[in-house]
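What follows is each chain in one-letter form.
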Amino acid sequence: MNYRYKFLLFLLSFLLFPTYIYIYAQDIQHPKVSKKADDVLPLAWIGGLNSCQIFELDLNNDNTQDLIVFDRHGNRILPVLRFKSDDGILYQYHPEYIECFPQIYSWLQLHDYNNDGKKDIFTYSKGWAGIKVYKNTSTENKLSFEIAKTPYISSLQGGGQINILVTDVDYPGIIDLDQDGDLDILTFWGLGSFVELHKNLSVETYGHADSLTFEKINHCWGNFAESDESNDLYLDSCINYNTHPPINRSDYRHTGSTFFLKDLNDDNKIDLLLGDVDYSSLVYLENRNTSIDANMVKQTRNFPSENECINLYSMPCVSEIDIDLDGILDLVVSPFDPSLHVSQNKYSLWAYRNIGTNEKPNYKLYSKSFLQNLSIDVGSGSKPVIYDWNNDGLKDLFICNWGIYNKSWYYYLTLKSSYISRVLYYQNIGTPDNPVFKMVSDDFAKLSQLNEKGITICFADVNKDEKTEMILGSESGKLTLYQNTATIEEPKFSTLYEIAAPSETNKHTKPYLYDIDMDNDLDLLLGRADGQFSLYTNTTDNNFKLSTQSFGQINLTDLQQSYTGNSDISIIEKDGQQYAICGCEKGRIRAFRINTNDFESKFVEVDKLSSIFSYLPDTIKAGVYSTVSAADIDNDLFPELIIGNWSGGLQWFGSANKGIAYDEIQETKPQPKFKVYPNPAKDHITITSYPSKAKSYTIYNSLGIQIKTGHLQPNSTTINTTSLQTGLYAVRINNQTHIIYVL
């Protein structure tokens, strides 16, 4: 039974039997996560942020600009609602808006091209090296987009309509340069070095901007050129200009740039911030001519100031948003380099507050981990592991990573970066049915001292000596059994034996322990770089023996993407059937029915994950290099699913995702003590009869996502609901919940 069908049943039950339906706190909230200082992370389960572009868009029609974050490392759209409060800006991740957006690849920009007051989507046209456009067709109650220009925007060039070349490593400039009401486009020439201007002729041709008609009118906008071998710039240099020595094209190297266009010095002329592949800085090019006929006369490489200059690997890309909702636009800078192995990962969203004005900005560094510091972010390549480490009956959370950024350097003009892997330990300090995770260690057992990349671990009393053993795998293929020779509080592991030596087959090993043959001892499953799984069965002397290198003939490699699959596995049992839940390099989460009679036979793949996890949506956009951990963490008899990815965060799917839509109807719970009317509601609700000590209320939507919170007034509180879409909502005060329907 899929979740939409359950929602309809729930709605019908609500209309027929409204006094018997209640939703409780553990069914609505995701588990709280905090760092050492008890600071609860509001974006804990957003899934990581590595290489992002950020735009403003009012998602819930509350007249506050929310954030659309696009992480190109996995092509993920991340909607974040913002609310003003006495404590500053509140952030809430709302994944239910993801399905409103089309699939975005490589880069995203939001601009209102047709002047209808709605921001449209400009993005990379995959397979065409061009720009695709989606028109914003949203109504008051629903966010939506439809294709407006595909497969690419063309421009009149050399007598014919030709694709405006924009690759997946180029971030174009899209702005109304001549202030005629339609958007023009700047991008580098196909062979690099020179910037081309494609003027929008919509207003001139049709009298309105509701068209995307372009003509290339300048092959060297700004009157400058970029070197083929570095990010050096030559001012007053265009084709056929002899002011500077000819630029050597024998070793062509230009492979990507980013544009940010804005009048930065209040002279009514558009200036340029230019980022370049393999470099960490932005070059500020100052324009002394008109915006349409720009002439860059000065370049500055320590923008915005010498003491706080942008130094972010690699290929910084600028987004302009109002960080603090004060009406003044600020900057967020993040890497644009498509390579997964050069980003500064955990500290890759640098925010600069504008302490000047929109006309004359003055940028000051505010944070090097904007939004990241509000979420679980362990660098690159997160892998969740669930295990009760301290034997208190509560399942704890361990997060392995591929690596946290260490440093960068150049080797023969090529950027290199190094990373060190570690494991973070979050102790469950909640209750059996309400997990709460608090970080205890950001380098569990000092495993970073192994100087490995891609460390992944699993725990168990493998040899039944009442001591916890740990199996550790890594990118190198290291697969070793360790035993804790110290305390739980300060563990120290010593090697028992090497299970498998590093080899080409065993690279990127991800171990997982499970009694797969049901003989009362734990066997070892091993995810590998080639996308397959090895099975090591536990022998009578508590050693592991290789049983098969093709467990279930599962192969998660997508040859259209790469020659590797980087498989990961977690096993659950439902109705007597074992299922292998798998993550992989491409990011898709897949499930297979395990044949316990023959582990070398081909396992049947499950069509829909929702047939196993009833609370899951039809598709999960997990991000690349997805990893999985499935277990019943909150003792509700349903397994939760935690997903990691390359961006270094986690996504939680479980009872918190049931919300109203997935929850079973409870007929034995007591009536909430407070009252809510009218119900159904049209434009407001009033809450009364709540305890005098109650301080605040919270409203959740049908996905269990918090959408509104506020302070309670003495005796009664009236809440405006005009911003809420039609549907069911849960109003919660303390531990009591009322269900309402908004028309």
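Residues numbered from 1 in each chain as written. Predicted model: local features only at pLDDT ≥ 70, side-chain atom pairs only at ≥ 80, totals over all residues. Heavy atoms only, no water.

Draft legend 1. Main features of the overall build of the protein chain. Counting secondary structure elements, the protein chain contains three helices and 52 strands. In summary, the protein chain has a C-alpha radius of gyration of 28 Å against a globular reference of 27 Å for 743 residues, a match within 12%. Put simply, 51% of the contacts in the protein chain that link residues at least 6 apart link residues at least 24 apart. Just so you have it, the protein chain exposes about 31000 Å², and 48% of that area is on carbon and sulfur atoms. For the protein chain, the separation between the mean place of its 63 positive charges and that of its 93 negative charges on side chains is 2 Å. (Helix = DSSP H or I, 4+ residues; strand = E, 2+ residues; numbered from the N terminus. Rg over C-alpha atoms; globule rule 2.2 N^0.38 Å. Contact = heavy atoms within 4.5 Å. Areas by Shrake-Rupley, 256 points an atom, 1.4 Å probe, with all protein chains shown as cover. Lys, Arg positive; Asp, Glu negative; His and termini not counted. Charge placed at Lys NZ, Arg CZ, Asp CG, Glu CD.)

Draft legend 2. Up close: the side chain of Ser34. Mapped onto the elements of the fold, Ser34 is located in strand β1 (residues 32-34). Leave out the neighbours within four places in its chain, and Ser34 touches Asp39, Val40, Tyr426, Phe437, Lys438 and Met439.

Draft legend 3. Spotlight on the state of the cysteines. In the structure shown here, the tally under the stated rule is one disulfide. For Cys220, the disulfide goes to Cys238, at an S-S distance of 1.9 Å. Across the S-S bond linking Cys220 and Cys238, the dihedral sits near -80°, which makes this disulfide left-handed. Separated by 18 residues along the polypeptide, Cys220 in the loop between β15 (214-218) and β16 (224-226) and Cys238 in the loop between β17 (233-235) and β18 (257-262) bring together distant segments of the chain. Its relative accessible area of 5% is what places Cys220 among the buried residues. According to the relative accessible area criterion, Cys238 is buried, its value standing at 9%. Distance from the sulfur of Cys309, which forms no disulfide, to the nearest cysteine sulfur (Cys317) is 18 Å. Distance from the sulfur of Cys582, which forms no disulfide, to the nearest cysteine sulfur (Cys584) is 8.4 Å. (Disulfide = S-S within 2.5 Å. Buried < 20%, exposed > 50% of the residue type's maximum accessible area, 1.4 Å probe, protein only.)

Draft legend 4. Quick peek at a nonpolar patch on the surface. On the surface, Trp409, Tyr411 and Tyr412 cluster together into a nonpolar patch covering about 430 Å² of accessible area. With respect to the secondary-structure elements, Trp409 resides in strand β27 (residues 396-411). (Patch = residues over 30% accessible without salt bridge, like charges linked within 9 Å, V, L, I, M, F, W, Y side chains within 5 Å. Salt bridge = Lys/Arg side-chain N within 4 Å of Asp/Glu carboxyl O.)

Draft legend 5. Structural detail: the sheet that holds strand β21 (residues 296-300). Spatially, four strands are ordered β18-β19-β20-β21 in an open sheet, and the strand pairing comes out antiparallel. At either end of the open sheet lies a strand with only one pairing partner, and these are β18 and β21. Shown here is a sheet whose adjacent strand axes are inclined to one another by a mean of 25°, direction ignored. When strand β19 (residues 271-276) meets strand β20 (residues 282-287), the two strands line up antiparallel, connected through four bridges. Its bridge partner lying in β20, Leu272 is registered against Leu285. (Pairing = 2+ DSSP bridges. Axes fitted to C-alpha atoms, helices over the stretch in contact; angles between N-to-C directions.)

Draft legend 6. Just the pairing of strand β47 (residues 684-688), in detail. With four of five residues buried, β47 lies mostly within the body of the structure. Pairing analysis gives three bridges linking strand β46 (residues 675-677) to β47, with the strands arranged antiparallel. Looking across to β47, one finds that Val676 is bridged to Ile687. Where β46 folds back onto β47 in an antiparallel hairpin, the turn is made up of six residues. Pairing geometry for β47 and strand β50 (residues 716-720), over five bridges, is antiparallel.

Draft legend 7. Local environment of the nonpolar core. Counting 37 residues, the largest nonpolar core has Phe101 and Phe122 as its most contacted members. Elements supplying a minimum of two residues to this core: β2 (52-57), β3 (66-71), β4 (76-85), β6 (108-111), β7 (120-125) and β8 (130-136). Excluding its chain neighbours within four sequence positions, the residues that come into contact with Phe101 are Leu57, Leu59, Ile68, Ile77, Ile121, Leu143 and Phe145. (Core = buried A, V, L, I, M, F, W, Y, C linked by side-chain atoms within 4.5 Å.)

Draft legend 8. Here's a closer look at the side chain of Ser138. Within the secondary structure, Ser138 sits in the loop between β8 and β9 (145-149). A polar contact is formed between the side chain of Ser138 and the side chain of Asn136, at a distance of 2.6 Å. A distance of 3.0 Å separates the side chain of Ser138 from the backbone nitrogen of Ser144, its partner in a polar contact. With residues near it in sequence (within four places) discarded, Ser138 still touches Lys118, Leu143 and Ser144. (Polar contact = N/O pair within 3.5 Å; in protein donor to acceptor, adjacent residues only side chain to side chain.)

Draft legend 9. Spotlight on the sheet that holds strand β43 (residues 627-631). In space, the three strands of this open sheet follow the order β43-β44-β45, with antiparallel pairing throughout. Strand pairing shows two members of the sheet lacking a second neighbour, β43 and β45 (650-653), which therefore form its edges. The average undirected angle you get between the axes of adjacent strands in this sheet is 15°. Here strand β44 (residues 640-644) runs beside β45; their pairing, made up of four bridges, is antiparallel. Bridged to Leu641 within β45 is Phe653.

Draft legend 10. Summary view of the pattern of salt bridges. In this structure the tally under the stated criterion is 15 salt bridges. With its nearest N and O atoms 3.2 Å apart, the salt bridge here joins Asp324 to Arg353. Of this pair, Asp324 sits in the loop between β22 (316-321) and β23 (330-335) while Arg353 sits in strand β24 (residues 350-354), and the two are 29 residues apart along the sequence. Residues Lys453 and Glu475 are paired through a salt bridge, measuring 3.9 Å at the closest nitrogen-oxygen approach. With Lys453 in the loop between β30 (436-441) and β31 (456-460) and Glu475 in the loop between β32 (469-473) and β33 (479-484), this residue pair connects regions lying 22 residues apart in the sequence.

Draft legend 11. Structural context of the confidence of the model for the protein chain. Predicted confidence across the protein chain gives a mean pLDDT of 88, with 90% of residues reaching 70 or more. Counted against residues more than four places away or in other chains, residues 1-28, with its pLDDT under 50, gives 70 contacts. Every residue in residues 241-254 scores below 50 in pLDDT, and together they form 37 contacts with partners more than four places removed in sequence or on other chains. (pLDDT = per-residue confidence, 0-100.)

Draft legend 12. Structural context of the environment of Val169. Mapped onto the elements, Val169 comes out in the loop between β11 (160-163) and β12 (173-175). Since its relative accessible area comes to 15%, Val169 is described here as buried. Taking C-alpha positions, Val169 is 9.5 Å from Tyr124, a pair spaced 45 residues apart along the chain.

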